[in-house]
Amino acid sequence: MTPAEAFLWKHLKARQFEGRRFNRQHSIKNYIVDFYCAKEKLIIELDGEIHNNLEVQEKDIIRTKELNELGYTVIRFENKMVFDNLASVFMEIKDNFK
C-alpha cells in the first residue's frame, strides 16, 4: 500500500466508517481496485503522481467507464487530498452511498 492508501485504510477498515465494510485491493473482473464497498457498489481509487501522465489518465477513463457499465460507482482522490483534506474525502464518499 502507498502511504495514502495506508492512511485511508486506517479509517475504513473494520467497519469504522459509517458502519460500511470496505475491502482493499479487491478484484473486480480484470481490475484490482484500491478500496471497495460491496453494499454500496462503491470503488475508491487513490491516484499518485503517475496518474498525471496522459496515457495513464486515458487508461483510467476506460477502466472507470467499464466499471460504471458493470454497475459500480468509481470515485477518485489524489493521494495529497487524503492527507490534506480528509473531511472532504469522507463527505464525498458518504455522498456516493445509495
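Residues numbered from 1 in each chain as written. Predicted model: local features only at pLDDT ≥ 70, side-chain atom pairs only at ≥ 80, totals over all residues. Heavy atoms only, no water.

A. Main features of the nonpolar core. Leu8, Phe22, Ile44 and Ile93 are the most contacted members of the largest nonpolar core, which totals 19 residues. The residues contacting Ile44, other than those within four sequence positions of it, are Leu8, Leu12, Phe22, Asp34, Phe35, Ile75, Phe77 and Ile93. Residues Ile28, Tyr31, Tyr36 and Tyr72 belong to the second largest nonpolar core, which totals eight residues. (Core = buried A, V, L, I, M, F, W, Y, C linked by side-chain atoms within 4.5 Å. Buried < 20%, exposed > 50% of the residue type's maximum accessible area, 1.4 Å probe, protein only. Contact = heavy atoms within 4.5 Å.)

B. Up close: the pattern of salt bridges. Enumeration according to the criterion identifies eight salt bridges in this entry. For the salt bridge of Lys94 with Glu18, the shortest nitrogen-to-oxygen distance reads 3.6 Å. Residue Lys94 is located in helix 4 (residues 86-95), and its partner Glu18 is located in the loop between helix 1 (3-12) and strand 1 (23-28); the two are separated by 76 residues in the primary sequence. You can call Lys94 partly exposed: its relative accessible area is 39%. Linking Lys80 and Asp84 is a salt bridge whose minimum nitrogen-to-oxygen distance equals 2.4 Å. In this pair, Lys80 and Asp84 are both assigned in helix 3 (residues 79-84), four residues apart and thus about one turn of the helix distant. As far as the burial class goes, Lys80 and Asp84 line up, both exposed. Through salt bridges with shared partners, one network takes in Asp47, Asp60 and Arg76. (Salt bridge = Lys/Arg side-chain N within 4 Å of Asp/Glu carboxyl O. Helix = DSSP H or I, 4+ residues; strand = E, 2+ residues; numbered from the N terminus.)

C. Spatial organisation of helix 2 (residues 54-69). The terminal C-alpha atoms of helix 2, which comprises 16 residues, lie 23 Å apart, in line with the 22 Å expected from a rise of 1.5 Å per residue. All buried positions along helix 2 are accounted for by Asp60, Arg63, Thr64 and Leu67. Each buried residue of helix 2 sits inside an arc of 100 degrees when the element is viewed along its axis, so together they form one side. Turned more than 90 degrees from where helix 2 packs its buried face, Leu54, Glu55, Ile61, Lys65 and Glu69 sit exposed. In this fold, the buried residues of helix 2 make contact with strand 1, strand 2 (31-37), strand 3 (42-47) and strand 4 (73-78). Gly71, located one to two residues past helix 2, shows a positive phi value of around 100 degrees. (Expected span 1.5 Å × (residues − 1). Arc of directions from axis to C-beta.)

D. Just the pairing of strand 2, in detail. Judged by how many residues are buried, strand 2 sits mostly within the fold: six of seven residues are covered. Relative to strand 2, strand 1 runs antiparallel, the two being bridged by five bridges. Within strand 2, the position partnered with Asn23 by the bridge is Tyr36. Hairpin connection between strand 1 and strand 2: a loop of two residues separates the two successive antiparallel strands, and Lys29 in this loop has a positive phi of roughly 55 degrees. Bridge count between strand 2 and strand 3: three bridges; the pairing is antiparallel. From the neighbouring strand, Tyr36 faces strand 3, where its bridge partner is Ile43. In this antiparallel pair of consecutive strands, strand 2 and strand 3, the connection spans four residues, and Lys41 shows a positive phi of 50 degrees. (Pairing = 2+ DSSP bridges.)

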